[in-house]
Amino acid sequence: MSTKIPIGPFHIGLEEPIYFKIDLKGETVVNVDMINGFVHRGIEYLVMQKNFFQNLILTERVCALCSNNHPFTYVMAVEKIAGIEVSRRANYLRVVADEVKRVASHMFNLSMLAHLIGFHSLMTQTMEAREIMQDVKESIWGNRMDMSANTLSGVKYDLDEGQIEFILNKLDELEKQTDELIDIYFNNKLVKARTVNVGVLPKEDALRLGVTGPTARGSGVNNDVRVKAPYAAYDELKPTVMLEENGDVYSRMKVRWREVKESIRLIRKALNNLPEGPVVTQKRPHIPAGEAVTRTEAPRGELIYYLKTNGTQRPQRMRWRVPTYMNWEALRVMIPGNKLSDVAVIFNSIDPCISCTER
Amino acid sequence: MSGFLKIAIRNLLKGPTTDPYPFGDTFIPQKLRGKLKVDASECTACRTCEEVCPSGAIKITKNEGAYVHTTWYNTCCFCGNCEFFCPTGAIKLTTDFHTAHFQDEKYSFVTVAVIKETECKNCKTKFVPPSEALLKRAYNGIDIDLDELKLYCPECRKKIAFERLHLWLRH
Ligand code: SF4
Ligand code: SF4
């Protein structure tokens, strides 16, 4: 006998508004159907009503956790059309901002994992450690989430000696705490019981579905845009790609933690080798007619922007493909065969961002 | 669990990590993006901020003898675009994050700066003179000539500058 259970669209166990229709046999999920469309805000239309400078901020509001990657990919598209060169210093600073965001975003997802498996003290501790990064963002860029770091032809901020030292000190503080947390996340019995062999995405399925980001890397698929198609300063900084083979929630969690460590290394390397130069070259450049596609590695995976301009002050068309759009379908592979109580844990393990996807 | 026990005991000894705000101090970084401060003497009513503001929070209206620069906090998202693009540096985001207010004050909870026009020394038409910050950016130094020239409206300024050039060429 099978039971039908609805979860969502607004449910305490879910971080995002999604409606799951679940067919159960006993306690095991046999089939899952997913319905979305609850947080559509019409941003794609809105960006065509705003000029290129306003869109620096509007794109940032698409998603709070990837809020640096959206304007980052957007400015790269505009720069491609206008043929604007970005200074090396600005490129390094773009990487610093982006990696700081990646650390904060990954740690948020990881603490959500602890929350969903009922390990609340671990969740608060992860959030507490993440707070170090929040303080860095607030102290350097002035806001805890929306840093407003990127602008056409460069970045809006510069770092002096004192600020560099401040970030480096904070990184030391953070790294100590992450090491401690990683030990718990990787070895704790409770965490392992709820994540190992849960929500498995085999490598073949990962390739077939074209999943991106840590979801793909947890299944052994290396598609890190920072390495496959380097942008900004990534060709000089050379990030290491973190791969795991098992494709379960545990592997994806491990990928994220190891990427946090890698991001800390990248920020240090960028700060210690910061080239001299201007941070911005043309404050208000002319944007000719043209088309461009750019992509970056957001914390959730590959983010693609398409931009079409017609020589006016506003985009003629702008469209983006977000990582969750690709990772989403993988849930149909991951969820069936697991317990009902694991649905939210598995959903969280793709680090879903529905507000990006539906925008 | 032993791994976490260590952290738990340490936390117990450390006491609360949250700030006792509003009863005590809280961490306010110097670069925090809060409410705006607009310096009317620097502003030239060029409307750049109005153009780049993503949320339409800034409106510059023309009144009798003055331009009024209004920032409405019910739509401002504290992004700092206005500060970054303002050519004269007239806008600064302060660390003042206190934006709670009553519904009654919804439309009056704003920052206002009044940019007064002056009369042209020659033809008496009203105009907004270039601010010192703008002149400093545009020219290497402000000399007596510039100080004198900025008293004229753009039309008269053109004429005077041309006449002076003409005189100088004849000598
Ligand atoms: S505040 Fe700055 S950008 Fe805005 S009108 Fe004045 S001078 Fe122009
Ligand atoms: S901070 Fe941003 S939203 Fe607020 S007035 Fe300035 S540009 Fe507009």
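This is a predicted model, so every value here is computed, not measured. (Residues numbered from 1 in each chain as written. Chains lettered and ligands numbered in written order. Predicted model: local features only at pLDDT ≥ 70, side-chain atom pairs only at ≥ 80, totals over all residues. Heavy atoms only, no water.)

Visitor: Just to check I follow, could you spell out the overall build of chain B for this structure?
Guide: Each helix and strand counted, chain B has six helices and seven strands in total. Along chain B, helices and strands appear, N-terminal first, in the series α-β-α-β-β-α-β-β-β-β-α-α-α. For 171 residues, the compact-globule formula gives about 16 Å, and the C-alpha radius of gyration of chain B, at 25 Å, lies well above that figure. For chain B, the spread of C-alpha atoms along the three principal axes comes to 95 × 40 × 25 Å. Within chain B, the proportion of its 171 residues that are buried is 34%. Considering only contacts in chain B between residues 6 or more positions apart, those separated by 24 or more positions represent 65%. Only carbon and sulfur atoms are counted for the fraction: they give 57% of the accessible area of chain B, which is about 11,200 Å². (Helix = DSSP H or I, 4+ residues; strand = E, 2+ residues; numbered from the N terminus. Rg over C-alpha atoms; globule rule 2.2 N^0.38 Å. Buried < 20%, exposed > 50% of the residue type's maximum accessible area, 1.4 Å probe, protein only. Contact = heavy atoms within 4.5 Å. Areas by Shrake-Rupley, 256 points an atom, 1.4 Å probe, with all protein chains shown as cover.)

Visitor: What exactly am I supposed to notice about the interface of chain A and chain B here?
Guide: A common way to report how large an interface is uses the accessible area buried once the components associate. With 32 residues of chain A in contact, the opposing surface of chain B contributes 23 residues. For the pair chain A and chain B, the summed buried area comes to about 2,500 Å², and 52% of that belongs to carbon and sulfur atoms. Considering only the surface of chain A that becomes buried against chain B, A:Glu180, A:Lys283 and A:Arg284 emerge as the three largest contributors, covering 20% of it. The residue A:Glu180 makes a salt bridge to B:Arg10 at a minimum N-O spacing of 2.9 Å. Counting every contact that joins chain A to chain B gives 17 residue pairs in polar contact (both at pLDDT 80 or more). Secondary structure elements with two or more residues in the side of chain A that touches chain B: helix H2 (54–58), helix H5 (120–140) and helix H6 (161–187) of chain A. (Buried area = accessible area lost by both parts, 1.4 Å probe. Salt bridge = Lys/Arg side-chain N within 4 Å of Asp/Glu carboxyl O. Polar contact = N/O pair within 3.5 Å; in protein donor to acceptor, adjacent residues only side chain to side chain.)

Visitor: Mind showing me how you'd approach the UniProt feature "coiled-coil region" (unreviewed entry) in chain A here?
Guide: With numbering matched to this structure, UniProt assigns "coiled-coil region" (unreviewed entry) to residues 157–184 of chain A. In residues 157–184 of chain A, helix accounts for 86% and strand for 0%; the two terminal C-alpha atoms are 37 Å from one another. (UniProt positions renumbered as here; feature names shortened; annotations may be inferred.)

Visitor: Would you explain the site of ligand 1 in this entry?
Guide: The immediate surroundings of ligand 1 are formed by 14 residues, with B:Cys43, B:Cys46, B:Arg47, B:Cys49 and B:Cys86 found nearest. Here the shell around ligand 1 is composed, by residue class, of nine nonpolar, four polar and one charged. (Near = heavy atom within 4 Å. Nonpolar A, V, L, I, M, F, W, Y, C, P; charged D, E, K, R; others polar.)

Visitor: How should a nonpolar patch on the surface be read in this particular structure?
Guide: Together, B:Phe162, B:Leu165, B:Trp168 and B:Leu169 make up a nonpolar patch on the protein surface, roughly 510 Å² of accessible area in all. Its location among the elements puts B:Trp168 in helix H6 (residues 154–170). (Patch = residues over 30% accessible without salt bridge, like charges linked within 9 Å, V, L, I, M, F, W, Y side chains within 5 Å.)

Visitor: Teacher, can you tell me more about the sheet that holds strand S1 (residues 2–7) of chain A here?
Guide: By definition, the strands of a sheet pair up through backbone hydrogen bonds, in either a parallel or an antiparallel sense. Residues and elements named next belong to chain A. As summarised here, the arrangement of the three strands in space is S1-S2-S3, forming an open sheet in which the pairing is antiparallel. A strand with exactly one partner marks an edge of an open sheet, and here the two such strands are S1 and strand S3 (28–35). Each neighbouring strand pair of the sheet contributes to a mean axis angle of 20°, computed without reference to strand direction. Direction of pairing for strand S2 (residues 19–25) relative to S3: antiparallel, over a ladder of seven bridges. The residue of S3 that forms the bridge with phenylalanine 20 is methionine 34. (Pairing = 2+ DSSP bridges. Axes fitted to C-alpha atoms, helices over the stretch in contact; angles between N-to-C directions.)

Visitor: What exactly am I supposed to notice about the pattern of salt bridges here?
Guide: Pairing between side chains of opposite charge can happen when the charged atoms of each approach one another. Residue and element names in this part refer to chain A. Taken as a whole and judged by the stated rule, the model has 37 salt bridges over all chains. Linking glutamate 262 and arginine 265 is a salt bridge whose minimum nitrogen-to-oxygen distance equals 2.8 Å. A residue pair is termed a helical-turn pair when its members lie 3 or 4 positions apart in one helix, as glutamate 262 and arginine 265 do in helix H12 (residues 249–272) at three residues. On the basis of relative accessible area, glutamate 262 is assigned to the buried category, the value being 6%. Counted as one network, the salt bridges with shared partners bring together Asp98, Glu99, Arg102, Arg217, Asp224, Arg226, Glu259 and Glu297.

Visitor: Where do I start with the UniProt feature "binding site: Mg(2+)" (unreviewed entry) in chain A in this structure?
Guide: All names here are of chain A. Using the residue numbers shown here, the UniProt feature "binding site: Mg(2+)" (unreviewed entry) corresponds to Glu44. Counting through the fold element by element, glutamate 44 comes out in helix H1 (residues 43–49). Once residues within four sequence positions are removed from consideration, glutamate 44 is found in contact with Arg317, Met318, Arg319, Trp320 and Arg359. Within the local environment of glutamate 44, its side chain forms a polar contact with the side chain of arginine 317, the two groups lying 3.2 Å apart.

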